[in-house]
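# Notes for the structure review
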Amino acid sequence: MSINTLVLGLQWGDEGKGKIVDALSKDIHAVCRFQGGHNAGHTIKVNNQQTVLHLCPSGALHPNVQCVIGNGVVLSLEALDKELKGLEDLGVSFKNRMHISNACSLILPSHIAIDKVRDKEESIGTTGRGIGPAYEDKVARRAVRFGDLGNIDILKDKVTTLVNYHNKILTNLYGAENFAIDEVLETLNKYKYLYDNYSSDVQDVIYAWSKEDKSILFEGAQGSLLDIDHGTYPYVTSSNTTAGGVSTGTGVGPKFIDKIVGISKAYATRVGEGPFLTELFDENGSMLADRGHEFGATTGRPRRCGWLDLVALKKAVFLNSVTDLCLTKLDVLDAFKSIDVCTAYDEDDLPIFKSFPGWMSETEGISEFDQLPENAKSYIKFIESFIECSISIVSTGPSREQTIYIS
Ligand code: IMP
């Protein structure tokens, strides 16, 4: 019987979703992205080789897995072209296995320019990939969509209107450079092969697979606390990163999903600006950053680090109807004498911590729960009971094999 699974991040992104999606993909027919764009950075390590995917679903490295980019994704053709070519150079083929929704809104170079000039004033600390401005245009009903590449007249009309509008914003509000409409059109046409090869009615494709009883995996990008509605607004991304985004972003109903795997690091990180109540500014914070190699996979920016916030995690479990929790990067905590977790906030919204003795021994690569040190087991068990959700996967390193599956 098929099982449709959703994998999503329960913090501010960078929870290690790429590795888990990749690990779960081997028994799956297709992996679908449903929101975000090339602001995401999903790191996968296979055969000691590290690959970072920004747009391609993380199942891409399994040759028999179909890849889907749903309508909820905002698509930079340039970024997609670069990523596909990079993967093809590594021997990955997308022939007959990439399906991109015609309804994806495109990210134009002018979106990226607006994002960058605007973030200088608004200081959200965006990834500068044009994500916010592209979603704005989608909601304002003026986006150029992937399917428009199939009709040169419509494309020309829509690009002219939109780039004219962007030019007004860029020059009048920010004193920035204009974009030449012809050049934008020329660039889009250069990538028309992506439309010719991969354009698709994603809902139809998923429907057909479901009739064949195939299992499908939906891959979230970013994390629940960056959700436009439920995150730490306004320090959020511009899409619904939470479970509801699957329905709007691919065209399946909520009951289509059987299993929802929420991912959390064993501690917490955040890139960009915005509240982070358990953030550490002491040597523990630097140690988390060093041991966890905490630099953004997309922008290379250092990530802010802190202890795990169980209050926020419990909410995220409810918000997403998480059925299984996956705890990543447990091994990063191996060298800590004591480990804190936030279990409540006081009246000033400051975190109240509970301390756990560290285990001070190596867990990297352990793949059986029983082999974990007792203090690591107690830490995991406490998290499980606090958030009222079972932990079914613990990740102890970046490779596929460095994973504990708990049945
Ligand atoms: P945007 O998505 O580029 O508009 O950025 C908005 C906020 O989301 C910024 O704080 C970014 O650092 C954060 N963000 C966007 N994508 C990711 C991601 O994949 N991982 C972590 N943070 C992200």
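Below, the structure is looked at part by part. (Residues numbered from 1 in each chain as written. Predicted model: local features only at pLDDT ≥ 70, side-chain atom pairs only at ≥ 80, totals over all residues. Heavy atoms only, no water.)

### A few points about the state of the cysteines
Here is the rule we go by: When two cysteine sulfur atoms lie within 2.5 Å, the pair is treated as a disulfide.
Under the defined criterion, the tally for this structure stands at zero disulfides. Unpaired in terms of disulfides, cysteine 305 finds its nearest cysteine sulfur in cysteine 342, a separation of 17 Å.

### A closer look at the nonpolar core
Applied cut-off: Buried Ala, Val, Leu, Ile, Met, Phe, Trp, Tyr and Cys residues form a nonpolar core when they are joined through side-chain atoms within 4.5 Å. For every residue, the accessible area (1.4 Å probe, protein chains only) is compared with the maximum for its type, and the residue is labelled buried under 20%, exposed over 50%, or partly exposed between those bounds. Residue contacts follow a heavy-atom distance rule, with two residues in contact if any of their heavy atoms lie within 4.5 Å.
Within the largest apolar cluster, 53 residues are counted, with the highest numbers of intra-cluster contacts made by Leu6, Phe218, Leu325, Leu330, Leu333, Tyr379 and Ile383. For tyrosine 379, the contacting residues outside a window of four places in its chain are Ala266, Leu308, Leu330, Leu333, Ile339, Val341, Phe356 and Trp359. Listed in part, the 37 residues of the second largest apolar core include Cys56, Val73, Leu106 and Leu185.

### Focus on the site of the ligand
Formally: If even one non-hydrogen atom of a residue comes within 4 Å of a molecule or strand, that residue is called near it. Here a polar contact is recorded for every N or O atom pair within 3.5 Å, except that within protein the pair must consist of a potential hydrogen donor and a potential acceptor, and residues adjacent in sequence are included only if both atoms are side-chain atoms. Each accessible area value is a Shrake-Rupley result obtained with a 1.4 Å probe; residue values ignore everything except the protein chains displayed when judging cover. All residues other than Ala, Val, Leu, Ile, Met, Phe, Trp, Tyr, Cys, Pro, Asp, Glu, Lys and Arg, Gly among them, are scored as polar; the first ten of these are nonpolar and the last four charged.
Near the ligand there are 16 residues, and of these Asp14, Asn39, Thr127, Thr237 and Arg301 occur at the shortest range. One of the backbone nitrogen or oxygen atoms of valine 271 is found 3.2 Å away from an oxygen atom of the ligand. For the ligand, the protein covers 96% of the area, taking 470 Å² as the surface of the free molecule. Residue composition of the shell around the ligand, grouped by class: six nonpolar, eight polar and two charged.

### Overview of empty space enclosed by the protein
A water-sized probe rolled over the atoms picks out the places where empty space is left. Put simply, the rule is: Note on definitions: the grid is 1 Å and covers protein atoms alone; a cavity is a set of points where a 1.4 Å probe fits but cannot get out; a pocket is an open set with protein on both sides within 12 Å along at least five of seven lines; lining residues have an atom within 4 Å of a point. Grid points are joined across faces, edges and corners, and a volume is the space filled by probe spheres set on the points.
Throughout the structure, instances matching the rule amount to one cavity of 30 Å³ or more. Taken together, Leu10, Gln11, Trp12, Leu225, Ala268, Phe276, Thr278, Asp309, Ala312 and Leu313 make up the lining of the largest cavity. For the lining of the largest cavity, the class distribution of residues is seven nonpolar, two polar and one charged.

### Description of helix α5 (residues 152-174)
For clarity, the cut-off: Here a helix means four or more residues in a row that DSSP labels H or I, a strand means two or more in a row labelled E, and each is numbered from the N terminus. A helix is expected to reach a length of 1.5 Å times the quantity of its residues less one.
Relative to the 33 Å expected for 23 residues at 1.5 Å per residue, α5 spans 31 Å between its end C-alpha atoms, a close match to the ideal helical length. Of the positions making up α5, those classed as buried are Leu155, Val159, Leu162, Val163, His166, Asn167, Ile169 and Leu170. Here α5 starts with a cap whose side-chain oxygen sits 3.0 Å from the backbone nitrogen of aspartate 153, and that cap is asparagine 151. Note on α5: the residue one or two positions beyond its end, glycine 175, has a positive phi of about 60 degrees.

### Some thoughts on the sheet that holds strand β15 (residues 324-328)
The strands that make up a sheet are held in pairs by hydrogen bonds between backbone atoms, and each pair lies either parallel or antiparallel. Our working rule: In short, DSSP must find at least two bridges between two strands for them to pair. A fitted line through C-alpha atoms serves as each axis, taken over the contacting stretch for helices, and the angle formed by two N-to-C directions is quoted from 0 to 180°.
Spatially, the ten strands line up as an open sheet ordered β9-β7-β5-β2-β10-β1-β11-β15-β18-β19, and their pairing is mixed. Pairing within the sheet leaves two strands with one partner each, and these edge strands are β9 (199-200) and β19 (403-405). Across the sheet, helix α1 (residues 17-24) is in contact with β1 (5-9), β2 (30-33), β10 (216-219), β11 (259-265), β15, β18 (391-395) and β19; its angle to β1 comes to roughly 165 degrees.

### Let's talk about the sheet that holds strand β17 (residues 351-357)
Overall, mixed pairing links the three strands, which are arranged β14-β16-β17 in an open sheet. Where the open sheet ends on each side, the last strands, each with one partner, are β14 (308-309) and β17. In the sheet, β14 pairs with strand β16 (residues 338-345) via two bridges, with the strands oriented parallel. Residue pairing across strands places leucine 308 opposite valine 341, the latter belonging to β16. Packed on one face of the sheet, helix α11 (residues 310-319) meets β14 and β16 and runs near 65 degrees to β16.

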